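Read off the chains here:
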2 protein chains.
Amino acid sequence: MPAAILAIGTEITRGEIVNTNATWLSTELTSAGFSVTTVESIPDELDQIVDTLKRLGAAHRFVIVTGGLGPTTDDLTALAAARAANVDLVRDDNTLLAIRRRLESRGAVMNPSNEKQADLPAGAEILPNQNGTAPGFALTIGNATAYFMPGVPKEMKPMFSEQVLPRIRPSASNNAHQIVLHVYGMRESAIGEALAGVEAQHPGVTLGYRVHFPECDVKVHAHAGSQSAAHDIAQRAAAVVKAKLGDSVYGEGDDAFPEVVGRAVRNRGYHMAVAESCTGGLVSHLLTSYPASDYLIGGAVTYANSAKTRLLGVAEDTLRGHGAVSAEVAAEMAEGVRRLCECDVGVAITGIAGPSGGTATKPVGLVYWAVSHPGGTIVKDRVFPGDRDEVRVAAAYAALDLLRRVVAGLPIR
Amino acid sequence: MPAAILAIGTEITRGEIVNTNATWLSTELTSAGFSVTTVESIPDELDQIVDTLKRLGAAHRFVIVTGGLGPTTDDLTALAAARAANVDLVRDDNTLLAIRRRLESRGAVMNPSNEKQADLPAGAEILPNQNGTAPGFALTIGNATAYFMPGVPKEMKPMFSEQVLPRIRPSASNNAHQIVLHVYGMRESAIGEALAGVEAQHPGVTLGYRVHFPECDVKVHAHAGSQSAAHDIAQRAAAVVKAKLGDSVYGEGDDAFPEVVGRAVRNRGYHMAVAESCTGGLVSHLLTSYPASDYLIGGAVTYANSAKTRLLGVAEDTLRGHGAVSAEVAAEMAEGVRRLCECDVGVAITGIAGPSGGTATKPVGLVYWAVSHPGGTIVKDRVFPGDRDEVRVAAAYAALDLLRRVVAGLPIR
């Protein structure tokens, strides 16, 4: 069943934001068995929105629309939808009440621009928004049911998953199944080489690759005569992929790398602490993006040398003799934070994130990371390519991967 | 001058890759003075490519196309372009030679699928590819000149910058100017209310709003008879916007909130440290996303109570009497980290990020943040709505804003 995606917003056509909504919706619709025949983005221009809705509504059974439902004057989607469907815009009292309640529960007051968000096309089916003020709605335009959702991803995604997808799913020809495997520690080209031949050995299977630095996803997509057959084929192919890539596959589906690493620490029954210099708190931030209070004691961000000495007990001799960016200091930081927080494992990072601070012998991108644990202290180093952000993210992931390998008993590399 | 962008590739409509080409091209075209009226992505389907090219060619002067020029059977763009322009596909000998040379220089051999890349629409102007085998080309389709480029970003970007942009730039009407103001601490709807009437008072100016939690951008876009007139009008309107929004406008253009806050600390000549509980290192991470070693000493992530006591010297009596999430503990954390790092300012956050851990008197979302400075210690609190991520980000921004106000001498709120 074909479906169209339409994003409304001048910030997209001007290139000010990446339309990640479209990618997410494309993935969701494809996995549900729809074929996305067009993904369009247009500016907040009333006539053009009306014309585009009419054209897409004439040629599709489903049109999925995001954006332009906000409270400001440049939000024109509801009005355009009404015109495209030849109906009036009417104020919906229930929606008005819901907006008022939401604002009041957050200590905000209702003003006329919020009231505008209750003006919806006559006859539209309202899709309540649990995560924002603007409701979504469904409306018949031409041959299509068009579903209108806010452009804010946090509001759009749950609205699509909980309200739109259940309504349209029965129309999908769902004879496909996809498994997404998450890989850290191999380049996309190396993954491709390792998986050469897998598609040929598994008819109906296509492999897709998606790099999102510093990880890569492998998508095992299977088509078959039925959903259950597709499911089985995908499972078999995914097992082969996992066997070929080994422990570089750290998870699948909704798994996130810091979450998987934290789970490994928890499962081992360890308590841990983190000492960060160039990553400035990123490792702690990543770990605590998921509940972590049962295994993470805390740690130190020791940006200045004085902090390394005072907080972690790094010896001034070590700092003078080897420099703050050295294997010796990384080891003393990991051991120091472990001692300071009285716990089983200490993780430490010190490096030169750039853009300045590099020298001939210690270039920008040079990072040392260490894990101190009951079996000893391991230090690794690398010169990471890329800008400040990339060096910091690459360093944080490298340290988390060493931690994962230590606590899960995987080979260190 | 309007322009359309079309990306061809099933990997995009299936959501397997993010169409970053479109964002990049939108930015380039917008800065060159074009107005991008539509950004479309369609699958590798011959008839649909032909129809879309005809439709876009009828309505635009320029159509910028990426993708589908590769050597495999699913690359159909050249054939579709020829059909849309009603011309034949002919093999171009110079292109064939260039492909052969490129492959041979890399030790590869020419095969029939590579030869296919030399089959181009009759009458097309060829755009040589310095970074890959597939050449680009320009072709008249309807009212438009359509420029076809490979989808690989490292081939497409130089081809656009060096060959396409110089050809189309003279047609751009560069009589627009845009100023982006960054706002923290006001809701989009409140900003909209405060700015009601600004557009009416400044003919040629449109205001745009973009929420990226917890900030909001106000885009002051001006159109006029000339670029310099547009520039002046935008400046005047931006000054009015800034006057109306006051110190909620923290910066403009490339400014980022943590960078602006760090700059304020640096300008005051202060050194600082951060103590974080529920935000787990996020404040430090945000500050150190920009060079910070000249003002940030470091800090502590004190997730467990034991870490609050051992690292920061928070009194056990205070923890017992008021709980870890309390104004008293926030103050002692800020004072403790300031003492620990021997610096001018200490920032601290303690709260309940959720999803669990809330009680009737201390619900999920309750956060205390404190700034200890030479003039005293200020503590603020709020129950932030939203999920774990939102609470953490909102708390980090609130603490950074208090820090900014303290060091810059702005009113505390």
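Here the structure is shown first, and the text comes after it.
This structure is a prediction, so every number in the text was calculated from the model and none was measured.

Quick notes on the rules
- All residue numbers refer to position in the chain's written sequence, counted from 1.
- Think of it this way: whatever chain is written first is A, whatever ligand is written first is 1, and the rest follow in order.
- At least 70 in pLDDT is required for a residue's local features to be given in this predicted model, at least 80 for side-chain atom pairs to be given and counted, and no such filter applies to totals for whole chains, interfaces and linings, which use all residues.
- Side-chain figures throughout are based on the complete set of non-hydrogen atoms in the structure, without hydrogens or water.
- The contact definition used throughout considers only heavy atoms, calling two residues in contact when any of these lie within 4.5 Å.
- A 1.4 Å probe defines the accessible area here, and the buried area is the portion of it lost by two parts on being joined, summed over both.
- For salt bridges, the criterion is a side-chain nitrogen of Lys or Arg within 4 Å of an Asp or Glu carboxyl oxygen.
- Amino acid classes used here: Ala, Val, Leu, Ile, Met, Phe, Trp, Tyr, Cys and Pro are nonpolar; Asp, Glu, Lys and Arg are charged; the rest, including Gly, are polar.
- Only buried residues count toward a nonpolar core. Its members are Ala, Val, Leu, Ile, Met, Phe, Trp, Tyr and Cys residues joined through side-chain atoms within 4.5 Å.
- For every residue, the accessible area obtained with a 1.4 Å probe (protein chains only) is divided by the maximum for its type, and the residue is called buried under 20%, exposed over 50%, and partly exposed between those limits.
- When DSSP finds two or more bridges between two strands, those strands count as paired.
- By definition, any uninterrupted DSSP run of H or I lasting at least four residues is a helix, any uninterrupted run of E lasting at least two residues is a strand, and each is numbered from the N terminus.
- The axes used here are C-alpha line fits, helices contributing only the stretch in contact, and every angle between their N-to-C directions lies in the interval 0 to 180 degrees.
- In this count, Lys and Arg are taken as positive residues and Asp and Glu as negative ones, while His and the chain termini are left out.
- Distance and chemistry together define a polar contact, namely a pair of N or O atoms within 3.5 Å, with one atom able to donate a hydrogen and the other to accept it when in protein, and with adjacent residues in sequence counting only for side-chain atoms on both sides.

Attention now moves to the interface of chain A and chain B. Facing the 71 residues of chain A at the interface are 72 residues of chain B. Roughly 5,600 Å² is buried in total at the junction of chain A and chain B, and carbon and sulfur atoms are behind 51% of that figure. Summed over the three residues of chain A that lose the most area to chain B, namely Arg14, Arg106 and Tyr303 of chain A, the buried surface amounts to 11% of that side. A salt bridge links Arg310 of chain A to Glu342 of chain B; its shortest N-O distance comes to 3.4 Å. The class makeup of the residues in the side of chain A that touches chain B is 26 nonpolar, 28 polar and 17 charged.

As a further point, take the nonpolar core. Grouped together as the largest cluster of nonpolar side chains are 50 residues, with contacts concentrated most on Leu312 of chain A together with Leu312 of chain B. Those residues within four positions of Leu312 of chain B in sequence are excluded, and the remaining contacts are Ala275, Ala300, Thr302, Ala307, Glu332, Met333, Gly336, Val337, Arg339 and Leu340 of chain B.

Take the sheet that holds strand 12 (residues 249–252) of chain B next. Residues and elements named next belong to chain B. Strand order across the open sheet formed by four strands is 10-11-9-12, with antiparallel pairing between neighbours. Looking at strand neighbours, the two that pair on one side only are strand 10 (205–212) and strand 12, the edges of this open sheet. Across the sheet, the mean angle separating the axes of adjacent strands is 25° when strand polarity is ignored. Bridge count for strand 9 (residues 176–184) against strand 11 (residues 215–223) is nine bridges, and the pairing is antiparallel. Within strand 11, the position partnered with His177 by the bridge is Ala222.

We now examine unusual backbone geometry. In this structure, Pro214 of chain A follows Phe213 of chain A across a cis peptide bond, with omega equal to 0°. Structurally, the position occupied by Pro214 of chain A is in the loop between strand 10 (205–212) and strand 11 (215–223). Cis rather than trans, the peptide bond between Gly354 of chain B and Pro355 of chain B has omega equal to 5°. Residue placement: Pro355 of chain B occurs in the loop between strand 15 (345–351) and strand 16 (366–373). Positive phi, close to 50°, is recorded for Glu342 of chain B, a residue that is not glycine. Along the chain, Glu342 of chain B turns up in the loop between helix 15 (327–340) and strand 15.

In this section: the pairing of strand 2 (residues 35–42) of chain A. The side chains of a regular strand alternate, first on one face of the sheet and then on the other. With respect to burial, strand 2 of chain A is a largely interior element, seven of its eight residues being buried. Inspection of the sheet shows strand 1 (residues 2–8) of chain A paired to strand 2 of chain A by seven bridges, in the parallel sense. Counterpart to Ile8 of chain A in the pairing with strand 2 of chain A is Ile42 of chain A. Examined bridge by bridge, strand 2 of chain A and strand 2 (residues 35–42) of chain B share three bridges and lie antiparallel to one another.

Turning to the side chain of Lys308 of chain A, a few remarks are in order. Residue and element names in this part refer to chain A. Relative to the assigned elements, Lys308 resides in helix 13 (residues 305–312). Buried and without a salt bridge, Lys308 has Glu332 as its closest oppositely charged side chain, separated by 11 Å. Not counting the four nearest positions on each side in its chain, Lys308 is found in contact with Ser277, Thr302, Tyr303, Gly313, Val314, Leu319, Ala324, Val329, Met333 and Thr350.

This part covers the environment of Lys362 of chain B. Residue and element names in this part refer to chain B. Along the polypeptide, Lys362 turns up in the loop between strand 15 and strand 16. For the pair Lys362 and Ile352, spaced ten residues apart in the sequence, the C-alpha separation amounts to 8.1 Å. Excluding its chain neighbours within four sequence positions, the residues that come into contact with Lys362 are His322, Gly323, Val325, Ser326, Ile352 and Gly357. Within the structure, the side chain of Lys362 is placed 2.7 Å from the backbone oxygen of His322, a separation counted as a polar contact.

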